[in-house]
Amino acid sequence: PDGCKRLPADAVIQLPAEKPLVAGFFKDASRVQYTMIVNRNYHKSVSVVADLSPQIDAISMVNKQRGQLDPVEMNGRRASFELPAGGGVLLRLAK
């Protein structure tokens, strides 16, 4: 979308360019890194396969109902998850 730019090649997470996704990166007061990924398509859900840089050892999904961290299963350096139409996810990136 306007005002956004493509993720750089050295970003800690890479998302498929052909998917209608937008990502933001944040750090909390303890310098722990998070990324929010949002499905821009508000009509259809999307399957996401994210490639993680070697500096990330694990990721967790912040559970919207409980506010707790749920582990995200990884296959090598890849994590897969579903985003509902117009939905988003907040991921904690662990080094």
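Details of the structure are given in the entry above.
To keep things clear, this report deals only with the structure shown in the data block. Source: prediction; values computed, not measured. (Residues numbered from 1 in each chain as written. Predicted model: local features only at pLDDT ≥ 70, side-chain atom pairs only at ≥ 80, totals over all residues. Heavy atoms only, no water.)

Sheets are built from strands that pair by backbone hydrogen bonding, the pairs being arranged parallel or antiparallel. The four strands lie next to each other as S1-S4-S8-S7, forming an open sheet whose pairing is antiparallel. The strands lining the two open edges of the sheet, one partner per strand, are strand S1 (13–14) and strand S7 (74–75). (Pairing = 2+ DSSP bridges. Helix = DSSP H or I, 4+ residues; strand = E, 2+ residues; numbered from the N terminus.)

Right, let's get into the sheet that holds strand S2 (residues 21–27). If you trace the five strands from one edge of the open sheet to the other, you get S2-S3-S9-S5-S6, paired in antiparallel fashion. Edge strands, defined here as strands with exactly one partner in the open sheet, are S2 and strand S6 (69–71). In this sheet, neighbouring strand axes are inclined to one another by 30 degrees on average, regardless of whether the strands run parallel or antiparallel. Relative to strand S3 (residues 33–39), S2 runs antiparallel, the two sharing seven bridges. Bridged to Gly24 within S3 is Met36. (Axes fitted to C-alpha atoms, helices over the stretch in contact; angles between N-to-C directions.)

This part is about the environment of Pro8. In this fold, Pro8 is placed in the segment before S1. Along the sequence, Pro8 and Val72 sit 64 residues apart, while their C-alpha atoms lie 23 Å from each other.

Here the focus is the nonpolar core. Leu21, Ile37, Val48, Ile59, Phe81, Leu83 and Leu91 are the most contacted members of the largest nonpolar core, which totals 18 residues. Looking at this core, the elements that each hand over two or more residues are strand S4 (46–52), strand S8 (78–83) and strand S9 (88–94). Sort the elements by how many residues they give to this core and S4 lands first, with four residues. Apart from the residues lying within four places of it in its own chain, the contact partners of Ile59 are Leu52, Pro71, Val72, Met74, Ala79, Leu91, Arg92 and Leu93. (Core = buried A, V, L, I, M, F, W, Y, C linked by side-chain atoms within 4.5 Å. Buried < 20%, exposed > 50% of the residue type's maximum accessible area, 1.4 Å probe, protein only. Contact = heavy atoms within 4.5 Å.)

What follows covers the pattern of salt bridges. With the rule as written, the count across this model stands at two salt bridges. The closest approach of N and O atoms between Arg78 and Asp51, which form a salt bridge, is 2.5 Å. Here the residue Arg78 occupies a position in strand S8, and Asp51 occupies one in strand S4, the gap between them amounting to 27 residues. Take Asp51: its relative accessible area is 30%, and that puts it in the partly exposed class. The partner of Asp70 in a salt bridge is Arg66, with the nearest N and O atoms 2.7 Å apart. Under the relative-accessibility criterion, Asp70 is labelled partly exposed at 24%. (Salt bridge = Lys/Arg side-chain N within 4 Å of Asp/Glu carboxyl O.)

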